[in-house]
Amino acid sequence: MTDAYPELPEEIREILDRGEAIDEIRLDKNGNWFHNGEPFTNRKIIDFFNRSIDVTREGIHVIHYGPYTYPIVVEDAPVFVTGVSFRGFGEWETVTINLTTGASEALDPETLEYRNDTLYCRVRDGRLAAKFRHSPFYHVMERLDEENGAYYITLCGKKIPVTRC
């Protein structure tokens, strides 16, 4: 059985343990990529980074592709929800989310969280946080209701409480 989590290469760990600097690759809170403070503009590189983002067992965000693993700085969530679609109704409803990783997956409504004035959820079997972009956020929030001063979203036949974190 292969380990589901990538690990930092030993040579990178040694550099970091010595306190030496490495080139910084950063994903900002809006989903923009930077190298040592300069924005990436090449769409192919940006898409590659979005598809290759992962997290180590220790919780370090990385770009991981084949044998290549490099630590990155993530300001907020490492993945963004770019679209949402609903199929069925009530308890038979399914909600599919599209991600900046290029993947689509079923939304686990139990992982929804409201913070920083938007929705977040967990993706990749709960390993990574995903932040909703504006359009999918508003699409889900169309299902917002209030009952006795408490707010909830109805998805998949369940009332999911919406509280500020």
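Residues numbered from 1 in each chain as written. Predicted model: local features only at pLDDT ≥ 70, side-chain atom pairs only at ≥ 80, totals over all residues. Heavy atoms only, no water.

Draft legend 1. Just the side chain of Ser52, in detail. Within the secondary structure, Ser52 sits in helix α2 (residues 43–52). Within the structure, the side chain of Ser52 is placed 2.8 Å from the backbone oxygen of Phe48, a separation counted as a polar contact. If sequence neighbours within four positions are ignored, Ser52 has contacts with Val62, Ile63, His64 and Tyr65. (Helix = DSSP H or I, 4+ residues; strand = E, 2+ residues; numbered from the N terminus. Polar contact = N/O pair within 3.5 Å; in protein donor to acceptor, adjacent residues only side chain to side chain. Contact = heavy atoms within 4.5 Å.)

Draft legend 2. Structural view of the environment of Leu119. Counting through the fold element by element, Leu119 comes out in strand β12 (residues 118–123). The class of Leu119 is buried, set by a relative accessible area of 2%. In this structure the C-alpha to C-alpha distance between Leu119 and Ile53, which are 66 residues apart in sequence, comes to 20 Å. Aside from chain neighbours lying at most four places away, what touches Leu119 is Leu112, Glu113, Tyr114, Ala130, Lys131, Phe132, Phe137, Val140, Met141 and Ile153. (Buried < 20%, exposed > 50% of the residue type's maximum accessible area, 1.4 Å probe, protein only.)

Draft legend 3. Representation of helix α3 (residues 134–141) in the model. Turning to α3, its buried residues are Pro136, Phe137, Val140 and Met141. Seen from one end, α3 has its buried residues packed into an arc of 135°, which puts them on one side. Turned more than 90 degrees away from the buried face of α3, the exposed residues are His134, Ser135 and Tyr138. On its buried face, α3 sits against β8 (79–87), β11 (113–115), β12, β13 (128–132), β14 (144–147) and β15 (150–155). (Arc of directions from axis to C-beta.)

Draft legend 4. Spotlight on the layout of surface pockets. Space inside the largest pocket adds up to approximately 230 Å³. In terms of lining residues, the largest pocket is bounded by Lys29, Asn30, Phe80, Asn116, Asp117, Thr118, Lys131, Phe132, Arg133, His134, Phe137 and Tyr138. When contributions to the lining of the largest pocket are tallied by element, the ones reaching two or more residues are β13 and α3. It is α3 that contributes the most residues to the lining of the largest pocket, three residues altogether. Here the lining of the largest pocket is composed, by residue class, of four nonpolar, four polar and four charged. (1 Å grid on protein atoms, 1.4 Å probe; cavity = no way out; pocket = protein on both sides within 12 Å on 5 of 7 lines; lining within 4 Å. Points joined across faces, edges and corners; volume = space filled by probe spheres on them. Nonpolar A, V, L, I, M, F, W, Y, C, P; charged D, E, K, R; others polar.)

Draft legend 5. A look at the packing of aromatic side chains. Using the criterion set out here, one finds seven aromatic pairs in the structure. Ring geometry for Phe89 and Trp92: centres 6.1 Å apart, planes at 65°, overall edge-to-face. Taken as a pair, Phe89 and Trp92 share a single burial class, namely exposed. Each ring, one from Phe137 and one from Tyr138, has its centre 4.9 Å from the other, and the planes form 70°; the classification is edge-to-face. On the basis of relative accessible area, Phe137 is assigned to the buried category, the value being 7%. Tyr138 gets classed as exposed once you look at its relative accessible area, which sits at 51%. An aromatic cluster is present here, built from Trp33, Phe40, Phe48, Phe49 and Tyr65 joined pairwise through their rings. Above the plane of the ring of Tyr120 lies Arg115, whose end atom (NZ or CZ) is 3.7 Å from the centre. Above the plane of the ring of Phe80 lies Arg133, whose end atom (NZ or CZ) is 4.7 Å from the centre. (Phe/Tyr/Trp six-rings, centres within 6.5 Å; stacked < 30°, edge-to-face > 60°. Lys NZ or Arg CZ within 6 Å of the ring centre and 35° of its normal.)

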